[in-house]
Amino acid sequence: MNNFKGALKIISKIFFTNRCEICGEVIELDHRLCDDCRKIEKIKEPICEFCGCNNDDCNCKKHKKEYKRIIAPYYYQDKITHAIHRFKNNDMPFLADKLGFDIANCIKDHYKDIDFDVITFVPLRRLHQRKRGYNQAKLLSNVVSKYINVPVEPLLLKVRYTGVQHYKSATKRKSDVFGAYDINEDYGNFVKDKTILLIDDVKTTGSTLNECAKMLNIYGAKAVYCASVAITQNKKKKSS
């Protein structure tokens, strides 16, 4: 029997590929995560409601946002950075399963007292989505929906090209996304008095999420809360 199991394992390795649920690297068939991804630490409480960082890591200025709060399981660094790049740019939509699951658990921990009416997501331009083949934020939303039992609706549209935002300053990001989003015309009356969960893959400065939340608020949303896979941590300045 042991010889049979050993032979079966060898055959499986030859004909099947098992990949890490976070980074997508090839791993042993009986594992779910690679060694590095098993060591990834999640953001620990207490958490700043303005920026989503642990209070000890927080360097935000507590500026009021259009959304009520932002949470994420991870910081945008190391293996998580590579995982999100693969998810978005290397045609690995299956990574949404694990990353969305981790968002859902984060929501259950930090938004457990909030009754969401609907989940929505940061939209892509149609041309960009056709080129990629999917909207990563929508895939994450669909996974989260499965675990928290809240429906997903495409409430927002991207109406203006903003370019790649990742390497831009906070000021430039804010100006670039101004007026870049609008409500999907099919949902103009739907938004009113709804408590909405808005999802994206990464929160950097929060400008994109803020602009999307602003449009939802303009159309009468009761409250908008945000969640993402990861948050870019603003490093504290060293005292001289």
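Placed above this text is the structure.
Residues numbered from 1 in each chain as written. Predicted model: local features only at pLDDT ≥ 70, side-chain atom pairs only at ≥ 80, totals over all residues. Heavy atoms only, no water.

Scanning the chain from terminus to terminus reveals eight helices and nine strands. Counting across all 240 residues of the chain, residues that qualify as buried make up 46%. In the chain, the proportion of contacts linking residues at least 24 apart, taken out of those at least 6 apart, comes to 71%. (Helix = DSSP H or I, 4+ residues; strand = E, 2+ residues; numbered from the N terminus. Buried < 20%, exposed > 50% of the residue type's maximum accessible area, 1.4 Å probe, protein only. Contact = heavy atoms within 4.5 Å.)

This part is about the environment of Thr205. Secondary-structure assignment places Thr205 in the loop between strand E8 (195-203) and helix H8 (207-218). Each C-alpha atom of the pair Thr205 and Ile231 lies 8.8 Å from the other, and the pair is 26 residues apart in sequence. Among the polar contacts made by the side chain of Thr205, one reaches the side chain of Ser207 at a distance of 3.0 Å. (Polar contact = N/O pair within 3.5 Å; in protein donor to acceptor, adjacent residues only side chain to side chain.)

A separate point is helix H4 (residues 96-110). Taking 1.5 Å as the rise per residue, H4 with 15 residues should run 21 Å; its terminal C-alpha atoms sit 21 Å apart, in good agreement. The complete set of buried residues in H4 reads Ala96, Lys98, Leu99, Gly100, Asp102, Ile103, Ala104, Cys106, Ile107 and His110. For H4, the secondary structure elements touched by its buried residues are strand E3 (70-71), strand E4 (74-75), helix H3 (78-89), helix H6 (136-148), E8 and strand E9 (223-231). (Expected span 1.5 Å × (residues − 1).)

Right, let's get into unusual backbone geometry. For the bond from Glu45 to Pro46, the omega torsion is 0°, close enough to zero to count as cis. Along the chain, Pro46 turns up in the loop between helix H2 (35-38) and E3. Of note in the backbone geometry, Asp91 takes a positive phi value of approximately 55° without being a glycine.

Within the structure shown, the criterion is met by seven salt bridges. A salt bridge links Lys98 to Asp102; the shortest N-O distance between them is 3.1 Å. One end of the pair, Lys98, and the other, Asp102, are both in helix H4, four residues apart, so they sit about a helical turn from each other. Neither Lys98 nor Asp102 differs from the other in exposure class; each is buried. (Salt bridge = Lys/Arg side-chain N within 4 Å of Asp/Glu carboxyl O.)

What follows concerns H6. For H6, which comprises 13 residues, the first-to-last C-alpha distance of 19 Å matches the rise-based estimate of 18 Å (1.5 Å per residue) to within 8%. Among the residues of H6, those classed as buried are Gln136, Ala137, Leu140, Ser141, Val143, Val144, Ser145 and Ile148. Those residues of H6 hidden inside the fold are in contact with H3, H4, strand E5 (118-121), helix H5 (126-132), E8 and E9.

This part is about the packing of H4 against H6. Following both chains from N to C, one finds H4 and H6 inclined at 50°, their axes separated by 8 Å at the closest point. One finds that H4 runs oblique with respect to H6. The element H4 and its partner H6 pack so that their crossing is right-handed. Contacts between H4 and H6 involve Ala96, Asp97, Leu99, Gly100, Phe101, Ile103, Ala104, Ile107 and Lys108 from the former and Leu139, Leu140, Val143, Val144, Tyr147 and Ile148 from the latter. Across the contact of H4 with H6, the residue classes break down as 12 nonpolar, one polar and two charged. (Axes fitted to C-alpha atoms, helices over the stretch in contact; angles between N-to-C directions. Parallel < 35°, antiparallel > 145°, perpendicular 65-115°, else oblique. Left-handed = near helix turned anticlockwise from the far one by under 90°. Nonpolar A, V, L, I, M, F, W, Y, C, P; charged D, E, K, R; others polar.)

Formed by 39 residues in total, the largest nonpolar core has its most connected members in Ile107 and Leu197. It is H4 that provides the largest number of residues to this core, a total of six residues. When near neighbours in sequence (up to four residues on either side) are disregarded, Ile107 contacts Ile71, Lys112, Phe116, Val144, Ile148, Leu197 and Ala227. Counting residues in each nonpolar core, the second largest holds 31 residues, with Ile70, Ile196, Leu209 and Met215 among its members. (Core = buried A, V, L, I, M, F, W, Y, C linked by side-chain atoms within 4.5 Å.)

On to the pairing of E9, then. Summarising burial for E9: nine of the nine residues are buried, a large majority. Alignment of E3 against E9, held across two bridges, turns out to be parallel. Within the sheet, the bridge partner assigned to Ile71 lies in E9 and is Ala227. Sheet topology places E4 next to E9; two bridges connect them, and they run parallel. Across the sheet, Tyr75 pairs through a bridge with Ile231, a residue of E9. Note: E8 against E9, eight bridges, orientation parallel. The residue of E9 that forms the bridge with Leu197 is Tyr225. One crossover worth recording links E8 to the parallel E9 by way of H8, and it is right-handed. (Pairing = 2+ DSSP bridges. Right-handed = clockwise from strand over helix to strand, strands pointing away.)

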